[in-house]
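# Observations on the model geometry
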Amino acid sequence: IPNLPHESVPVGKDESANVVVREWGEIPKYDFEVQPHWEIGEKLGILDLATAAKISGSGFYLLKGAGARLQRALINYMLDMHTSAGFTEINPPFIVNDNTMYGTGQLPKLAEDMYRTENDNMYLIPTAEVPITNIYKQTVLDFKDLPVYMVGYSPCFRREAGAAGKDTRGMIRVHQFDKVELVKIVKPESSYDELESLLAQAEKVLQGLRIPYRI
């Protein structure tokens, strides 16, 4: 049974119905034409899309030098921030069985977007949420052991089989990318407060990097 939207969720055909709750930071204004990230990255010699395509085909990117170090630094920055806030760091398996994929709803709906190994019916994870959430698969938790806060880094693999995003460039909607995931298991009666604190924890990342955003 799918999760039912909360009564406060606006009804609409697409994202145009979204309601802006609040904004943080100001979008900078420049007196020159802003270049897309793939042009900046290639000029700086830190992003190489052509070589990634030669190695793996379209939908992949290769970082080198300062670009590779920046990605590694961002991962550590987020993990350190979240663990200092009480999240337990998890380093999960990146290949899981089909039962695990059903457990978080990737299967059967998103089967076409998953990378599957035929010989042993295993899947490359699309997000660390999958193995981290399944840590408690077939486990009954006592309320006294809640809440459980977990954070984990993983590479993420998605085929992006549909037409959406087929015309995007650079590091957007690619087949492999890195992500730091936050997972909470909480009591139902505190779930909305926990959601707000989870959101605030994610906002700290953008605020620390001084990146404007909206909720």
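Check the entry above for the structure.
Each value, and the rule that gives it
- Residues numbered from 1 in each chain as written.
- Predicted model: local features only at pLDDT ≥ 70, side-chain atom pairs only at ≥ 80, totals over all residues.
- Heavy atoms only, no water.
- Salt bridge = Lys/Arg side-chain N within 4 Å of Asp/Glu carboxyl O.
- Helix = DSSP H or I, 4+ residues; strand = E, 2+ residues; numbered from the N terminus.
- Buried < 20%, exposed > 50% of the residue type's maximum accessible area, 1.4 Å probe, protein only.
- Pairing = 2+ DSSP bridges.
- Axes fitted to C-alpha atoms, helices over the stretch in contact; angles between N-to-C directions.
- Expected span 1.5 Å × (residues − 1).
- Arc of directions from axis to C-beta.
- Contact = heavy atoms within 4.5 Å.

It is possible for side chains bearing opposite charge to pair when their charged atoms get close. For the structure on display, the rule yields 6 salt bridges. In this structure, the salt-bridge partner of D48 is K64, at a minimum N-O distance of 3.7 Å. Of this pair, D48 sits in strand β2 (residues 47–48) while K64 sits in the loop between β3 (62–63) and α3 (66–84), placing them 16 residues apart in sequence. In this structure K64 comes out as partly exposed when scored by relative accessible area, which is 36%.

Looking now at the sheet that holds strand β7 (residues 122–124). With respect to topology, 3 strands assemble into an open sheet ordered β5-β7-β6, the strand pairing being antiparallel. Two strands close off the open sheet at either side, each with one partner strand: β5 (95–97) and β6 (115–117). Mean inter-strand twist for the sheet, computed between neighbouring axes without regard to direction, equals 35 degrees. Here β5 runs beside β7; their pairing, made up of 3 bridges, is antiparallel. Directly across from V96, in β7, lies its bridge partner Y123.

We now examine α3. The terminal C-alpha atoms of α3 lie 26 Å apart, and with 19 residues this matches the ideal 27 Å at 1.5 Å per residue to within 8%. For α3, the complete set of buried residues consists of G67, I75, L79, M81 and H82. Down the axis, α3 shows its buried residues gathered within 165 degrees of arc, on one side only. Opposite the packed face of α3, turned more than 90 degrees from it, sit the exposed residues R69, R72, D80 and S84.

Here 3 strands make up an open sheet; going across it, the order is β4-β8-β9 and the pairing mixed. This sheet does not close on itself; its edge strands, each paired only once, are β4 (88–90) and β9 (176–185). Taking the axes of each pair of neighbouring strands and ignoring which way they run, one obtains an average angle of 25 degrees across the sheet. Lying on the sheet, α3 is in contact with β4, β8 (148–157) and β9; it crosses β9 at an angle near 5 degrees. Its contacts with the sheet put helix α6 (residues 191–208) on β8 and β9, and the angle it makes with β9 is roughly 145 degrees.

What follows is about the environment of F87. With respect to the helices and strands, F87 occurs in the loop between α3 and β4. The buried category is assigned to F87, whose relative accessible area is 5%. With 70 residues separating them in the primary sequence, F87 and A17 have C-alpha atoms 33 Å apart. Excluding its chain neighbours within four sequence positions, the residues that come into contact with F87 are H82, Y149, M150, V151, L182, V183, K184, L198 and Q201.

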